[in-house]
Amino acid sequence: MKRADKDGTGVVLNPADYVAECTRLLSNTTFCPKLDSDPTNKHGKLISDKLERGVSSGEIDSGTAKSLIVYSLYSAGLIFSPRSVKEGIQEDLNQ
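Because the structure is predicted, anything quoted here is derived from the model rather than measured. All residue numbers refer to position in the chain's written sequence, counted from 1. A pLDDT threshold of at least 70 governs which residues receive local features in this predicted model, and a stricter bar of 80 or more applies before side-chain atom pairs are shown or counted, although totals over entire chains, interfaces and linings include all residues. Calculated side-chain values reflect all of the structure's heavy atoms, with hydrogen atoms and water omitted.

Elements are defined by DSSP. Helices are runs of H or I of four residues or more, strands are runs of E of two residues or more, and each kind is numbered from the N terminus. Looking at the element boundaries, Arg-24 is found in helix α1 (residues 15–26). Polar contact is the term for a pair of N or O atoms within 3.5 Å; when the atoms are in protein, one must be able to donate a hydrogen and the other to accept it, and sequence-neighboring residues count only if both atoms are side-chain atoms. At 2.8 Å, the side chain of Arg-24 forms a polar contact with the side chain of Glu-21.

Definition used for salt bridges: Asp or Glu carboxyl oxygen within 4 Å of a side-chain nitrogen of Lys or Arg. The tally for this structure, following the rule as stated, stands at two salt bridges. The shortest N-O distance in the salt bridge between Arg-24 and Glu-21 comes to 2.8 Å. With Arg-24 and Glu-21 both in helix α1 and three residues apart, the pair spans about one turn of that helix. The partner of Asp-49 in a salt bridge is Lys-45, with the nearest N and O atoms 3.2 Å apart. Remark: Lys-45 and Asp-49 occur in helix α2 (residues 40–57); sequence separation between them is four residues, near one turn of the helix.

Encoded structure:
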């Protein structure tokens, strides 16, 4: 059982229902479009290139640019809030 949000309601789900609801939420391509590839490295290169141009043009100093470059990129973990799971189940109950 988890607290759903600041309103004090709770959510009780067994693991199978939780996984099923997370899968359903991720399957909604309106909010979670499918990608053909992982864009992490491409985005990291775009950021690094922009920072290098900023240093070259004098818009930013090299020390600041170096502190903003991320050398080890990774995708963040995925955490579903109990509220989004609760709302999805409530939608199913209302249908």
